[in-house]
Amino acid sequence: MNKYIVRASMVGTCVGGAILLKDYTGGGSCQSKASITGQTVIVTGANTGIGKETALELAKRGGRIIMACRDMGKCENAAREIRGKTLNHNVFAKQLDLASSKSIKEFAKTMINEEEHVDILINNAAVMRCPYWKTEDNFEMQFGVNHLGHFLLTNLLLKKMKESGNSRIINVSSLAHIAGDIDFDDLNWEKKKFNTKAAYCQSKLANVIFTNELAKRLQGTKVTANSLHPGVAETELGRHTGMHQSAFSSTILAPLFWFVVKSPKQAAQPSVYLAVAEELQGVSGKYFNGLKEKKPAPQALDEETARKLWEESARLVHLDEALSECKAL
Ligand SMILES: NC(=O)c1ccc[n+]([C@@H]2O[C@H](COP(=O)([O-])OP(=O)(O)OC[C@H]3O[C@@H](n4cnc5c(N)ncnc54)[C@H](OP(=O)(O)O)[C@@H]3O)[C@@H](O)[C@H]2O)c1
C-alpha cells in the first residue's frame, strides 16, 4: 500500500471511529412513537438550547406546549419558529422568571386558572457558573433558579397535576451533581467564599434529591417524578464561563470536543423519552443518564438530606403562604 493510501485509510478510520464515538456519546434517540395529542406540557427555559429542542420534539408529537421563559421576546420568537416547523398551533410563549417568586406565583396562577390540565412538567431552565448574583428573593442565583424556583413552581402545580391523572415531572439535572454537596449551614453562600462551580454542582445535586423526595411524597398518586443528565451539549449554558467566548475555545477546543459534545437536539432526547415513553408509565424516583437509568451519586440518595432539603426549601420559599395565595392546596 502506498503511504498516501495508508494515510487516507488512517484518516478514514479516525473519522469513522469519531462518528461511532459521537453516536455513542450522543446516547441515542427516543425510540417511542407515542403521540401526546391533547396533553399539556410545560417546559421551563424553552427559548434556547435543550429546552427549545424539547419543546420542538414534543410539539411534533401533538402536545399543547407552554414555553415558560423569562425573556418574552426570545420566547415569542422560539414559539413562532416551532409553530412554523411543526404546524402545531398549540405552542404558546408564557412569562416565567425563576429568579422571582412573584413571577413563579403569577405563572402558576395562570396555569391553574387557564389550563384544563397539566400532564407533563419539564423543569429544564438553569443558569451555570454565573458571578455571585442574587435572585429577587435574595437567594444565590444558581440555587435560587435551578433548585428553589423549580421547587416552588412544581409544588404550586402539584394539585393540578394530580387532578390531571397520569402525569409526569421531569427535572433536568446534570452529571455535575456528583461533585455537589448540600451545605445546610450556608445554602446561599453568605458565610463562605463564593465558588461558582461548587454552587452549580450544589444546585444540580438539589435537583436529584428533590426529585427523589418528591417521588416519595407522590406515592399512591398518578404523578411521577424523575431526573436526568442530558449529556454534554453545545448550548448557551457556558455563557458565564468565559470559555464560551474565547478564541482558544472556538478554534482549538471546539473541533476536539465535537467528538463528544451533543447537539441540543440529541441532548433533548432524554427529556422527550422521560416525557412520552410508554414503558416509563408509573416509573418514579429514578435518575437517568441519557436514556439509561443509572444510580445517582451516593449523596443524592440520602433520605435524611432529602427530608431536610425539602423542609428548608419550603421554609425559604414560604411554601404554605404561596400555596394558599395560588389556591393550590
Ligand atoms: N448543555 C449541557 O452540556 C448540559 C449538561 C448537563 C446538564 N444540562 C442542563 O440542561 C438544562 C438546559 O441547559 P442548556 O444547556 O439548554 O442551557 P441554555 O442554552 O443556557 O438554556 C438555559 C435556559 O434556561 C433559561 N433561564 C435561565 N435563567 C432563568 C430564569 N431566571 N428564569 C427562567 N428561565 C431561565 C434561559 O433563558 P435565557 O435565554 O433568557 O437566559 C434558557 O432558556 C439545564 O438544566 C442544564 O443544567 C446541560
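Please refer to the structure placed before this passage.
Quick notes on the rules
Residues numbered from 1 in each chain as written. Predicted model: local features only at pLDDT ≥ 70, side-chain atom pairs only at ≥ 80, totals over all residues. Helix = DSSP H or I, 4+ residues; strand = E, 2+ residues; numbered from the N terminus. Contact = placed C-beta atoms within 7 Å. Near = placed C-beta within 6 Å. Nonpolar A, V, L, I, M, F, W, Y, C, P; charged D, E, K, R; others polar. Pairing = 2+ DSSP bridges. Axes fitted to C-alpha atoms, helices over the stretch in contact; angles between N-to-C directions. Buried ≥ 20, exposed ≤ 12 C-beta atoms within 10 Å, placed from the backbone. Parallel < 35°, antiparallel > 145°, perpendicular 65-115°, else oblique. Left-handed = near helix turned anticlockwise from the far one by under 90°.

Student: Where do I start with the overall build of the chain in this structure?
Tutor: For the chain, the count of helices and strands is ten helices and eight strands. When contacts within the chain are restricted to residue pairs at least 6 apart in sequence, those whose partners lie at least 24 apart make up 79%.

Student: For this particular structure, what's the right way to read the site of the ligand?
Tutor: The environment of the ligand is made up of 29 residues, and the closest members are G45, G49, A125, A126 and T235. The dominant element in the shell around the ligand, judged by the number of residues it contributes, is helix α2 (residues 49-60), at three residues. Class assignment for the residues of the shell around the ligand results in 14 nonpolar, ten polar and five charged.

Student: I'm lost on the sheet that holds strand β3 (residues 91-95) in this one. Help?
Tutor: Within a beta sheet, neighbouring strands are joined by backbone hydrogen bonds and run either parallel or antiparallel to one another. Pairing is mixed across the open sheet formed by eight strands, whose spatial order is β3-β2-β1-β4-β5-β6-β7-β8. Strands at the two margins of the open sheet, each flanked by one partner only, are β3 and β8 (292-294). Ignoring which end each strand starts from, the neighbouring axes of this sheet average 25 degrees apart. The sheet strands contacting helix α6 (residues 196-217) are β5 (167-172), β6 (223-229) and β7 (287-289), and the helix crosses β6 at an angle near 160 degrees.

Student: I keep staring at the environment of T48 and nothing clicks. Help me out?
Tutor: Its location among the elements puts T48 in the loop between β1 (40-44) and α2. A count of 18 C-beta atoms within 10 Å places T48 in the partly exposed class. Between the alpha carbons of T48 and A78 there is a distance of 7.5 Å; along the sequence they are 30 residues apart.

Student: Just to check I follow, could you spell out unusual backbone geometry for this structure?
Tutor: Residues apart from glycine generally show negative phi values, whereas peptide bonds are mostly found in trans. Even without being a glycine, R129 presents a positive backbone phi close to 55 degrees. Relative to the elements of secondary structure, R129 occurs in the loop between β4 (120-123) and α5 (141-163). For R129, a count of 20 C-beta atoms within 10 Å translates into the label buried. Unusually for a residue other than glycine, H318 sits at a positive phi of about 50 degrees. Following the sequence through the fold, H318 ends up in the loop between α9 (303-316) and α10 (319-325).

Student: Even after reading the chapter, I still don't get the packing of α2 against helix α8 (residues 264-276), so can you show me in this structure?
Tutor: Pairs of packed helices are described in terms of their axes, by the angle between the two and the distance that separates them. Between α2 and α8, the least distance of the axes is 8 Å, while the angle of their chain directions is 55 degrees. When the axis of α2 is compared with that of α8, the two are oblique. Like other packed secondary-structure pairs, α2 and α8 cross with a definite hand, here right-handed. Across the interface between the two elements, G49, I50, K52, E53, T54, E57 and L58 from α2 touch P264, K265, A267, A268, S271, V272 and A275 from α8. Considered class by class, the residues forming the contact of α2 with α8 number seven nonpolar, three polar and four charged.

Student: Teacher, can you tell me more about the pairing of β1 here?
Tutor: Two faces make up the sheet, and in a regular strand the side chains alternate between them. Most of β1 sits inside the fold, with five of its five residues counted as buried. Here β1 shows two buried faces, one formed by T40, I42 and T44 and the other by V41 and V43. The pairing of β1 with strand β2 (residues 64-69) spans five bridges and is classified as parallel. What sits directly across from V43, in β2, is M67.

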